[in-house]
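Report on the structure
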Amino acid sequence: MTAIPDPSKQGFKFSQLLYDTRYRSMTIQIVSLIAILLFFGWLISNTAANLATLGKPIQFKFLGEPSNYDINQRLLDYTSRDTHLRAGLMGLINTLVLALMGCVTATILGVAIGVLRLSKNWLVARVMTLYIELFRNIPVLLWIIIVFSIMIETMPRPNQFRSGEAAMKLFDSVAITNRGVYIPEPLFNGGLGDIFLLGESSLRFGLSLDLIAILIVLFVGLFISKKIKTNADFIQNETGVRPTTWWKRLSIVILPIVITLWALGFHLGYPELKGFNFKGGIYLRNSLIALWIALSLYTAAFIAENVRSGIQAVAKGQSEAAYALGISPGRTMSLIILPQALRIIIPPVISQFLNLTKNSSLAIAVGYMDLTGTLMGITLNQTGRELETVLMGMAIYLIISLAISTVMNWYNNSVKLVER
Amino acid sequence: MADLSFVRKEIIPQRAAPLSQTGIIGWFRKNMFSDIPNTILTIIVGYFIISILGNILPWVFSPTWNSVSLTECRGILAELGRSGHGGGGACWGVIRERWLQLLFGFYPSELYWRPILAFVLLGLALAPVLFDKASRKLIYLTAIYPFLCFWLIWGGSIWFPVTVFSGFIVAYLGYVYVNKAFGSLAGVIASIALPVLWWLFITSPLSISLHSIMPIGSEAIESDRLGGFMLAVLIGVTGIALSLPIGILLALGRQSNLPILKAVCVCFIEFIRGVPLITLLFVASTLLNIFLPPGSNFDLILRVMIMVTLFASAYMAEVVRGGLAALPKGQYEAADSLGLDYWKAQRLIIMPQALKISIPGIVSTFIGLFKDTTLVSIIGLLDPLGLSTNIRADMAWNGILWELYGFVGLIFFIFCFSMSRYSMYLERKLATGH
Amino acid sequence: MKKSAFFGTIAAATFAAGFAAAGTLEDVQAAGELKCGVTTGLAGFALADANGVWDGFDVAVCRAVAAAVLGDGNAVKFVPTTGKTRFTALASGEIDLLARNTTWTFSRDVDLKFEFVGVNYYDGQGFMAPKALGVSSAKDLDGATVCIQTGTTTELNLADFFRSNNISYEPVPIETNAEAQAQYLAGACDVFTTDASGLASTRATFENPDDHIVLPEIVSKEPLGPLVRHGDNNWGDIARWTLNALITAEELGVTSANVAEHTANAGNNPEVNRLLGTEGDLGGMLGLDKQWASRAIAVNGNYGEIFEKNIGVNTPIGIARGLNASWTNGGLIYSAPFR
């Protein structure tokens, strides 16, 4: 009998690292890891050498120095004596506000347009197709500039309101000027005031206690309303008769809020023309409006396509079954098609939200003071710290993106069909 | 009694459908006014269209093609008694005067044939990739096209692109011979290491000495003369062409079961996809020189191309990964059962199918990238939007706006729309399902 | 598509790394061209025409340096830079000289490690407003909307001015001059602020310049000048003395018309002779030849000629010499002597 030599007894040979599949993957990985580490080492040593030549070692001291510039749209208190860090924070908040506003309107518009594109009405369907093609095939930067230019060139100047050439809209409550839109602001007579957190540091912020009170009342109302619904479901399960609860549920949410608002002395502050500009009210600058409109319209075109393909992906039998049951087309769409299509629609829409957030960095083209305008814009120019500011900016965008995709993926998983 | 019962003996001839159901009226009733909500929708949309067209059309039709300045153009319009927003009409004179600049930037006008030829050849080089009816021989053109294009646009000695291209021949020869002598892995290593050494140490002296022996070349063009749509196309095409191979490798890395490799690929892809392109362009314009060895100096267009390529590869990797995920598992198993090794399986079975599935995604990545090239105007390159700003700074055309944006938008629309139609055509052609 | 360029440049970069230790002068001479950073477009100062030929006040400085170093005023590669990219472009060696109305400040000189070689334009930040607005002083601007071109010292001066006068304003930051102009004309802001020279240049391009006034307040000192990297003193000297040569030429009456004649025949004025290289060897001390200054002057003329041709009162820009007159005429333009 010939004994087959057992390969493992031969001892380890160097060539096994290459030819033995057990070790080869390890070898490849270690070699590539070393290569990558070397590459990064090379980059870092270059950077160190270059920075040494320039005499600019990496340091973040500039963040604590006064910024010396003003920011027009600031949602927290800020003056030019505040630090660069705080200026960056203002920019970050502006970015987030823009992204949030954009995502909401883009979703609403996108769903509406996607559904209308499948409309039986020939004219409507064609116009929606035209809209989608127009927005998808022209760069968003151009759209932002175009909307911005339309705002500036065609809207009336503030002084035209004085001479009567232009008038405020909606019972003198909204002023649309070529510097932006002024809308009424909520004010509280007997307000609770603000609380200020984090003292005097660069990250300090104030919270409106009025807003907190209203939110608490709202959530309590919603919670009780939910309880009523659960109770009604229970009764229906037990007795087969569903008690009428809509007026209870509606009033438990709305009444307390109305009472709270009354107690706080709620009223609206209207914009008024004083001096060079309107004063009072909430001032939505035309840079914000232009970005908001352009990003919403642009992203809506993509979302509309996602919605359309999602709806078309729902098997035709579903809608036929609904029609056979005598359900009206509108209710078929909202009760049968959309809930199923939603599962297909959500993942691509998440990436559209991410794109919108990233595209909000184009704010720099119209002078909206977002993160690229403050931290990676004026701060970079004034301090000359390109490396620190750009890397910080990228890190912040990365965190925002990862946070959005984490939250959205979590939501997506929760609505996902559980398959066998 | 008379028999009143009546039995029809013959079939009555078919009557034409009522007028309200046929012809143009029927079509309108059916498609636009079928019920009340539909009618309301039609009226609203119709009103919108009419009011928009009513505002835009008179502006567009404006006899100002020959004006040489905004003042002259406004004069022409004032004589016609037209006024209003934007002077009552468009001033197309700016387009007549500057359209070549918007297309080619500051490229010398007597050499316009070079970028045009490069563009036409691009079409030919892409043909075997895009249309399966095209002649297979064109694939050779596709292989040498990048070098040809480089030489056509930038000019200079022909020996430089030739010696760089021969790096690939070196790689191939290295693979063949080392493979024979030392085995396949050594062959792969040689095919990577040899051309890199070739490019690093031999290309430049060799091309210089060849040029001194046999000076063949054309007039060299500095990169700062590139601009307009030519620049946009150049950056877009470079980004896509280079990102495709990198994207495939990244996608394979992300799908692989080697944990370290996978982690590196995931980090890279998620990092690039998580930051806006404009920050990467800031890196190109302000930081890239800091990361490279002291004294190295790329021009800005090249740095932008590097960053755009990295950006596009991350997106491409995700598109290819989608294609890989869409392949039935049976395909992988079939490849394994045939005893093909990893690379053979990828090359012969997986990739051809996965890439075919991902072509629409690749095209839409390309459209996105092409549109995103407008961002380079923010870092001071003279793409169509950057040039518009430049033209508006000219005293003759100070205050011009819509004409330029309209022209730039129109060209972008034509480019992107035709590409998206092509992608739809492909989608239909490749649909092999029900 | 352009793998070749990519790898080619890497290869070139690797070789270039070997020469990086050499001075900027040697690099420029080896490349045969001067890389000069300018604005992306500001009428009168630096603007590319339809053929891509750059012209303007700042451009003339680049051409003079190129003529001095390379003997050809056209051997310049103009690199358009924005407010954001200009300093990195210079620091990283992408450009050899930055001539882009840049204000000489302490922090730029000391902290950012640049060397300002002199002042070619004394400027200050001003305000422009439509006449119809009815303001006569910047102090009347309480609550006004102000258009600012970002990326300059402008926004800092503005913040300081309004803060110290305790009046409020609404800043509208804008990236480019053309855009700022469009917004100002459309009335999206009440006033436009930038350097007074920029205001004059912008106002000149308006359809009705007389409808706009420049307010009397000048809120800052803005000495604008070309700059180079720290650490290469020889290159700094070349740039500094080329600028000085242009200024001295005006003082001594050397113009583009007579420079050739003066260079060919040494005259009686020893300083003219030293300047134009007919006596002594000042060029040799800089590492250049004797006629360096003569060539620099020949390209665009002396400082006064450059000023008048690009931004002077007879141009659409129409800036009077004012502070920028030669010191012999009561201005601040003054050069150290060629001795």
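Throughout this description, residue numbers start from 1 for each chain and increase along the sequence as written. Chains and ligands are labelled by the order in which they are written, letters from A for the one and numbers from 1 for the other. Whole-chain, interface and lining totals are the exception, using all residues; otherwise, since this is a predicted model, local features are given only for residues with pLDDT of at least 70 and side-chain atom pairs are given and counted only at 80 or more.

1. Describing the overall build of chain C
Within chain C, the secondary structure is distributed over 14 helices and 14 strands. Just to be clear, the radius of gyration here is over C-alpha atoms, and the globule rule we use is 2.2 Å times residues to the power 0.38. Taking 339 residues into account, the globule formula puts the C-alpha radius of gyration at 20 Å, and chain C, at 21 Å, falls close to it. Overall size of chain C, expressed as C-alpha extent along the three principal axes, is 60 × 60 × 40 Å. Buried means a residue has 20 or more other C-beta atoms within 10 Å of its own C-beta, exposed means 12 or fewer, and partly exposed covers the counts in between; C-beta atoms are placed from the backbone. Taken over 339 residues, chain C has a buried fraction of 58%. Two residues qualify as a contact pair if the distance between their C-beta atoms, derived from the backbone, is within 7 Å. Residue pairs in contact within chain C that sit at least 24 positions apart in sequence constitute 72% of those at least 6 positions apart. Labels follow the DSSP assignment, with helices taken as runs of H or I lasting at least four residues and strands as runs of E lasting at least two, numbered in each case from the N terminus.

2. Some thoughts on the overall build of chain B
Tallying secondary structure elements over chain B gives 16 helices and two strands in all. Rg of the C-alpha trace for chain B: 30 Å, well past the compact-globule value of 22 Å for 434 residues, more than 25% over. Based on the C-alpha atoms only, the size of chain B along its principal axes is roughly 115 × 75 × 40 Å. Of all 434 residues assigned to chain B, the portion counted as buried reaches 39%. Once local pairs closer than 6 in sequence are excluded, the contacts in chain B between residues at least 24 apart make up 70%.

3. A look at the pairing of strand E1 (residues 34-38) of chain C
Residue and element names in this part refer to chain C. Among the five residues in E1, five count as buried, and that is most of the element. Burial of E1 is two-sided: the residues Leu34, Cys36 and Val38 facing one way and the residues Lys35 and Gly37 facing the other way are all buried. The criterion for strand pairing is that DSSP finds at least two bridges linking the strands in question. Pairing of E1 with strand E4 (residues 76-80), which is carried by five bridges, proceeds in the parallel orientation. Bridge pairing in E4 places Cys36 opposite Phe78. Alignment of E1 against strand E5 (residues 97-98), held across two bridges, turns out to be parallel. Its bridge partner lying in E5, Cys36 is registered against Leu97.

4. Considering the environment of C:Ser164
Relative to the helices and strands, C:Ser164 is located in helix H6 (residues 154-164). For C:Ser164, a count of 9 C-beta atoms within 10 Å gives the class exposed.

5. Overview of the interface of chain C and chain A
Taken together, the 29 residues of chain C in the interface contact 28 residues of chain A. Of all elements in the fold, only helix H4 (86-91), strand E9 (144-149), H6 and strand E10 (169-174) of chain C reach the threshold of two or more residues within the side of chain C that touches chain A. Residues are grouped as follows: Ala, Val, Leu, Ile, Met, Phe, Trp, Tyr, Cys and Pro are nonpolar; Asp, Glu, Lys and Arg are charged; all remaining types, including Gly, are polar. Of the residues belonging to the side of chain C that touches chain A, the class tally is 12 nonpolar, eight polar and nine charged.

6. Thoughts on the domain arrangement of chain B
Residues and elements named next belong to chain B. Boundaries between domains were set according to an automatic or database domain assignment. By domain assignment, chain B separates into domain 1 (58-91), domain 2 (108-153), domain 3 (156-218) and domain 4 (224-434). A C-alpha centroid distance of 41 Å is found between domain 1 and domain 4. With six residues of domain 1 at the interface, the matching set in domain 4 holds seven residues. Residue composition of the side of domain 1 that touches domain 4, grouped by class: four nonpolar, two polar and no charged.

7. As for the domain arrangement of chain C
Residue and element names in this part refer to chain C. Along its sequence, chain C is carved into domain 1 (23-122 + 224-329) and domain 2 (125-220). Each of domain 1 and domain 2 has a C-alpha centre, and the two are 29 Å apart. Counting residues at the interface gives 16 residues for domain 1, matched by 13 residues for domain 2. For the side of domain 1 that touches domain 2, a count of residues per class yields seven nonpolar, eight polar and one charged.

8. Description of the packing of helix H12 (residues 300-326) of chain B against helix H14 (residues 342-372) of chain B
How two helices sit against one another is set out by the angle between their axes and by the gap between those axes. Residues and elements named next belong to chain B. Interaxial angles span 0 to 180 degrees and are taken between N-to-C directions of axes, which are lines fitted to C-alpha atoms, for helices over the stretch in contact. In the contact formed by H12 and H14, the axes pass within 8 Å of each other and the chain directions differ by 140°. With respect to their mutual orientation, H12 and H14 come out oblique. Between H12 and H14 the crossing geometry is right-handed. Facing H12, whose interface residues are Val308, Ala312, Tyr315, Met316, Val319, Val320, Gly322, Gly323, Leu324 and Ala326, H14 presents Ile350, Ala354, Leu355, Ile357, Ser358, Gly361, Ile362, Thr365 and Leu369. Every angle not falling under 35 degrees, over 145, or within 65 to 115 is termed oblique; those three ranges are roughly parallel, roughly antiparallel and roughly perpendicular. Crossing handedness follows the turn of the near helix against the far one: under a right angle anticlockwise gives a left-handed crossing, and clockwise gives a right-handed one.

9. Quick look at the interface of chain B and chain A
Opposite the 44 residues of chain B that make contact, chain A presents 47 residues. Counting only elements with at least two residues in the side of chain B that touches chain A, the list comes to helix H2 (36-60), helix H10 (259-274), helix H11 (277-291) and helix H16 (402-430) of chain B. Residue composition of the side of chain B that touches chain A, by class: 31 nonpolar, 12 polar and one charged.

10. Considerations on the nonpolar core
Think of a nonpolar core as buried Ala, Val, Leu, Ile, Met, Phe, Trp, Tyr and Cys residues, each tied to the set through C-beta atoms within 7 Å. With 274 residues, the main nonpolar core has A:Ile144, A:Leu291, B:Leu281, B:Val304, C:Cys62 and C:Val65 as its most contacted residues. Those residues in contact with C:Cys62 that lie beyond four places of it in its chain are C:Leu34, C:Cys36, C:Val38, C:Val76, C:Phe78, C:Leu97 and C:Ala99.

11. Quick word on helix H13 (residues 386-415) of chain A
Every helix has an expected span of 1.5 Å times one less than the residues it contains. Over its 30 residues, H13(A) extends 43 Å from the first C-alpha to the last, a length consistent with the 44 Å expected when each residue adds 1.5 Å. Those residues of H13(A) that are buried lie in contact with helix H11 (329-359) and helix H12 (371-383) of chain A, H10 and H11 of chain B together with H4 of chain C.

12. As for unusual backbone geometry
Unlike most non-glycine residues, A:Asn68 shows phi in positive territory, near 70°. Within the secondary structure, A:Asn68 sits in the loop between helix H2 (21-54) and helix H3 (84-117). Not every positive phi belongs to a glycine, and C:Asn166 is a case in point at roughly 55°. Locating C:Asn166 in the fold gives a position in the loop between H6 and E10. Here C:Asn166 falls in the exposed class, since 7 other C-beta atoms lie within 10 Å of it.

13. Topic: the packing of helix H10 (residues 316-324) of chain A against H11(A)
Residues and elements named next belong to chain A. Put simply, H10 and H11 touch, their axes get as near as 10 Å, and they point 160° apart. If you check the angle between H10 and H11, you find them roughly antiparallel. When the axes of H10 and H11 are compared, the crossing they make is right-handed. On H11, the residues that touch Gln318, Ser319, Ala322 and Tyr323 of H10 are Thr332, Ile336, Ile337 and Gln340. Among the residues forming the contact of H10 with H11, the class breakdown is four nonpolar, four polar and no charged.

14. As for the sheet that holds strand E9 (residues 282-285) of chain A
All names here are of chain A. Pairing is antiparallel across the open sheet formed by three strands, whose spatial order is E1-E2-E9. Only two strands of the sheet have a single neighbouring strand rather than two, namely strand E1 (175-177) and E9. Looking at each pair of strands side by side, their axes are set apart by 15° on average, direction ignored. By the bridge criterion, three bridges tie E1 to strand E2 (residues 180-183) in an arrangement that is antiparallel.

15. Observations regarding helix H4 (residues 122-136) of chain A
One turn of the α-helix equals 3.6 residues, which is why residues spaced by three or four share an orientation. Over its 15 residues, H4(A) extends 21 Å from the first C-alpha to the last, a length consistent with the 21 Å expected when each residue adds 1.5 Å. Burial in H4(A) covers these residues: A:Val124, A:Val127, A:Met128, A:Ile132 and A:Arg136. Looking straight down H4(A), one finds that the buried residues subtend no more than 155° of arc, so they occupy a single side. Turning to H4(A), the residues buried within the fold contact H3 and helix H9 (286-313) of chain A together with H2 of chain B. Directions are taken from the helix axis to each C-beta atom, and the arc is the one they span.

16. Observations concerning the sheet that holds E9(C)
Residue and element names in this part refer to chain C. As summarised here, the arrangement of the five strands in space is E10-E9-E11-E8-E12, forming an open sheet in which the pairing is mixed. Strands at the two margins of the open sheet, each flanked by one partner only, are E10 and strand E12 (212-214). The sheet shows a mean angle of 25° between the axes of neighbouring strands, taken without regard to direction. Bridge count for strand E8 (residues 125-130) against strand E11 (residues 191-195) is four bridges, and the pairing is antiparallel.

17. Notes on the confidence of the model for chain C
Residues and elements named next belong to chain C. With 93% of its residues at a pLDDT of 70 or more, chain C has an overall mean of 85. Predicted confidence is poor over residues 1-21, with pLDDT under 50, and the contacts of this stretch with residues over four places away or in other chains come to 45 contacts. On the interface metric, ipTM, the complex scores 0.87, and its pTM is 0.87. pLDDT: the predictor's confidence for each residue, scored from 0 to 100.

18. Notes on the environment of C:Val61
Residues and elements named next belong to chain C. Mapped onto the elements of the fold, Val61 is located in helix H3 (residues 57-70). Separated by 239 residues in the primary sequence, Val61 and Asn300 have C-alpha atoms spaced 8.9 Å apart. Setting aside residues up to four positions removed in sequence, Val61 forms contacts with Ala99, Asn120, Pro226 and Leu243.

19. Focus: the environment of C:Leu243
Residues and elements named next belong to chain C. Tracing the sequence through the fold places Leu243 in helix H9 (residues 233-252). A tally of 23 C-beta atoms within 10 Å means that Leu243 is categorised as buried. Sequence spacing of Leu243 and Asn300 is 57 residues, and the spatial spacing of their C-alpha atoms is 12 Å. Not counting the four nearest positions on each side in its chain, Leu243 is found in contact with Val61, Val117, Gly118, Asn120 and Pro226.

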